[in-house]
Amino acid sequence: MKASDLLVKALENEGVEFIFGIPGEENLAFLESLRKSKIKLILTRHEQAAGFIAATYGRLTGKVGVCLATLGPGATNFVTSAAYAQLGGMPMMMLTGQKPIKKSKQGRFQIVDVINMMKPVTKYAKQIVNGNNIPSMVRESFKIATTERPGAVHIELPEDIADEEVTDNIYPVKSFVYPIAETNVVLGAVRMIENSKRPLILIGAGANRTRICHSLTHLVNKSEIPFFTTQMGKGVVDENHHLCLGTAALSKDDFIHCAIDRADLILNIGHDVIEKPPFFMENEEDSTKVIHMNFFPSEVDDTYFPQLDIVGDIASNIDALTALLSPQEHWDFEYYGRVITNIKEHLTKYYTDERFPILPQKVVNTISNLLNAGDIVTLDNGVYKIWFARNYKCSEPNTLLLDNALATMGAGLPSAIAAKMVNPDKNVVAVCGDGGFMMNSQELETAVRLNLNLTVIILNDNAYGMIKWKQAGMGFENFGLDYTNPDFVQYASSYKAIGHRPGSCEEFLHILENCLKTEGVHVIDLAVDYSLNHAILNDLLTQKECLV
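Residues numbered from 1 in each chain as written. Predicted model: local features only at pLDDT ≥ 70, side-chain atom pairs only at ≥ 80, totals over all residues. Heavy atoms only, no water.

## Brief notes about the pattern of salt bridges
Charged atoms that come close allow side chains of opposite charge to pair.
Part 1 of the reasoning: As enumerated under the stated definition, the model contains 20 salt bridges in all.
Part 2 of the reasoning: Here glutamate 334 ties to arginine 338 by a salt bridge, and the two come within 2.7 Å at their closest N and O atoms. Residue glutamate 334 and its partner arginine 338 are both found in helix α13 (residues 334–347); the two are separated by four residues, about one turn of the helix.
Part 3 of the reasoning: Note on glutamate 334: relative accessible area 47%, which makes it partly exposed.
Part 4 of the reasoning: The exposure class assigned to arginine 338 is partly exposed, which follows from its relative accessible area of 33%.
Part 5 of the reasoning: Among the ionic pairs, arginine 355 bridges to aspartate 353, the shortest N-O distance being 2.9 Å.
Part 6 of the reasoning: Several salt bridges converge on common partners, so that one network encompasses Arg45, Glu445 and Arg449. (Salt bridge = Lys/Arg side-chain N within 4 Å of Asp/Glu carboxyl O. Helix = DSSP H or I, 4+ residues; strand = E, 2+ residues; numbered from the N terminus. Buried < 20%, exposed > 50% of the residue type's maximum accessible area, 1.4 Å probe, protein only.)

Set out below in structure tokens:
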């Protein structure tokens, strides 16, 4: 068989369902092999979007999402989505083409050293130089992509190698079992927790795995230790739980930090320094102690230097900890309970505010009231992400898909496409700023072509709102961040999507309710009012006084 046939067979062996991307002439042999496969090619309108879709597929399924591009400019367009998957812990494989490597008459035309370009943003990047090595390379790369910490891998297939005659030698897929921590390490953690007075549990992105969710919920229920989450740890344990403090959407100064600062020990489950810090550690004798529980050891950083590491399979280590840990009479959670009540009062303040353009807090509340527990919201990157992280309560894992690692713009709509493909029976709503939406807005055509039922909300302020907020917070004048948007209703219509433009909060509620019940791709152009961002996030929070 040809090497391109063998590559497709190796991908089938790994259980690949879809390949997202844009082929080029260097991929034509592979494309022909793919045509005869059960794997579905999902054509996108930009390689970056294909990478975002593949990464989100990996995030939601735990399997490797696969995307395809040609050489040169197609491969360079993958770099941002590679970093998105790599930093976000999402298993993804990129397949790119290349000119013949044994004999070529095209000089250096379109030639970029893609392998060395990809190495800093992947776990694995190699060129196929012998077609017979394809099965072992695919098996190795899939194993690397899915083992903790998951991430991006890359394989380059040159034209002449794709046409080689090779021998079929597929490797069986075997699951990987993680080791667990030694009993004395777990006992050390138990002693630290039981000897503390005000322990807290922090849930990070690495805990967002099915088995871990169940184990963590059991730990919280048995110990009755209050918990909080990072942005990417939302929903691992139901945020409606009476012991949930909420999400540390900011690194300091939020109301939740009143509780965090009172803790004398934090059990940190699944968080690492790639995600923006939920709090800052201090290197003082009487400072809050931190226990790091993850698949891998902690990395020492100025903001993070745990006193104890529990390394290995998180779910198994939580179960071992839960079995040995006993609630202590001297634990004092009274202050945390008052903080939880105080946080709820502050977060709900603007939920009934009817001013229009709409406040982001009102947007969050409206969406939350209309969606079911298992429905999914995907976010692009903008200042509204802070309001969703603080205000949106997730009952289940992976129901608010945001990026707090690379924090790239442009991923909101592609992520929603992946979410809807993986969960066709759930409502999926993409919330994008006007800036982020326009970075991959062309994927509306992809969503329409795939006959997806999808709602896209564009928060329209005709500016890069996140940077405006930062600019104001630094005392600078408003400069360089305003632009003019297209008519998003007409824009949606040009793609055969359905456009809406509400003129009030009540109209937005009725339009969104109708969109969720109606087939097709809906785009809601929603005017947003960010005027309170500076007053709340820069002034109120930094000047607040914690409860006594």
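## Side note on the pairing of strand β5 (residues 124–127)
A regular strand places its side chains so that they alternate between the two faces of the sheet.
Part 1 of the reasoning: Pairing of β5 with strand β6 (residues 152–158), which is carried by four bridges, proceeds in the parallel orientation. Note on β6: the bridge partner recorded for glutamine 127 is glutamate 156.
Part 2 of the reasoning: Once you follow β5 into helix α7 (residues 134–146) and on to β6, the crossover reads as right-handed. (Pairing = 2+ DSSP bridges. Right-handed = clockwise from strand over helix to strand, strands pointing away.)

## With respect to the state of the cysteines
Part 1 of the reasoning: Taken as a whole and assessed by the stated rule, the structure comprises one disulfide.
Part 2 of the reasoning: The partner cysteine of cysteine 258 in its disulfide is cysteine 546, sulfur to sulfur 2.0 Å. What sets the handedness of the cysteine 258 and cysteine 546 disulfide is the S-S torsion sign, and at about -80° it is left-handed. With a gap of 288 residues between them, cysteine 258 in helix α11 (residues 256–262) and cysteine 546 in the segment after α22 (532–543) connect regions that are remote in the sequence.
Part 3 of the reasoning: For cysteine 258, a relative accessible area of 6% gives the class buried.
Part 4 of the reasoning: Judged by its relative accessible area of 37%, cysteine 546 falls in the partly exposed class. (Disulfide = S-S within 2.5 Å.)

## Remarks on the sheet that holds strand β8 (residues 227–229)
Hydrogen bonds between backbone groups are what pair the strands of a sheet, and the pairing can be parallel or antiparallel.
Part 1 of the reasoning: The strand order across the open sheet formed by six strands is β9-β8-β7-β10-β11-β12, and the pairing between neighbours is parallel. Every other strand in the sheet has two partners, leaving β9 (244–247) and β12 (308–311) as the edge strands with one partner each. When the angles between neighbouring strand axes are averaged without regard to direction, this sheet yields 20°.
Part 2 of the reasoning: In the sheet, strand β7 (residues 199–203) pairs with strand β10 (residues 265–269) via five bridges, with the strands oriented parallel. (Axes fitted to C-alpha atoms, helices over the stretch in contact; angles between N-to-C directions.)

## Side note on the environment of leucine 540
Part 1 of the reasoning: Its place among the elements puts leucine 540 in helix α22.
Part 2 of the reasoning: Along the sequence, leucine 540 and aspartate 253 sit 287 residues apart, while their C-alpha atoms lie 9.4 Å from each other.

## Quick word on a negative patch on the surface
Part 1 of the reasoning: A surface patch of negative charge is lined by Asp261, Glu282, Glu284, Glu285 and Asp286.
Part 2 of the reasoning: For glutamate 285, the location among the structural elements is in the loop between β10 and β11 (289–294). (Patch = residues over 30% accessible without salt bridge, like charges linked within 9 Å, V, L, I, M, F, W, Y side chains within 5 Å. Areas by Shrake-Rupley, 256 points an atom, 1.4 Å probe, with all protein chains shown as cover. Lys, Arg positive; Asp, Glu negative; His and termini not counted. Charge placed at Lys NZ, Arg CZ, Asp CG, Glu CD.)

## Concerning the sheet that holds strand β18 (residues 521–527)
Part 1 of the reasoning: In spatial order, the strands read β14-β13-β15-β16-β18-β17; together these six strands make up an open sheet with parallel pairing. The open sheet terminates on both sides in strands that have one partner only, identified here as β14 (400–401) and β17 (498–500).
Part 2 of the reasoning: Relative to β14, strand β13 (residues 376–379) is paired through two bridges, and the arrangement is parallel. When the bridges of β14 are listed, threonine 378 appears paired with leucine 401.
Part 3 of the reasoning: Docked against the sheet, helix α15 (residues 384–391) engages β13, β14, β15 (428–433) and β16 (454–460), running at close to 140° with respect to β15. (Contact = heavy atoms within 4.5 Å.)

## Describing the environment of tyrosine 392
Part 1 of the reasoning: Mapping tyrosine 392 onto the fold places it in the loop between α15 and β14.
Part 2 of the reasoning: Overall, tyrosine 392 belongs to the buried group, its relative accessible area being 5%.
Part 3 of the reasoning: Along the chain, tyrosine 392 and valine 364 lie 28 residues apart, while their C-alpha atoms are 6.2 Å from each other.

## Focus on the packing of aromatic side chains
Part 1 of the reasoning: Under the definition given, this model contains 14 aromatic pairs.
Part 2 of the reasoning: Consider the rings of phenylalanine 437 and phenylalanine 488, whose centres lie 5.7 Å apart with planes at 80°: the pair is edge-to-face. Linking phenylalanine 437 in helix α17 (residues 434–439) with phenylalanine 488 in helix α20 (residues 488–494), this pair joins segments that are 51 residues apart in sequence. The two residues phenylalanine 437 and phenylalanine 488 agree in class, both being buried.
Part 3 of the reasoning: Seen from their ring centres, phenylalanine 437 and tyrosine 491 are 6.4 Å apart, and the 75° between their planes marks the pair as edge-to-face. With a gap of 54 residues between them, phenylalanine 437 in helix α17 and tyrosine 491 in helix α20 connect regions that are remote in the sequence. (Phe/Tyr/Trp six-rings, centres within 6.5 Å; stacked < 30°, edge-to-face > 60°.)

These figures come from the coordinates and say nothing about function on their own.
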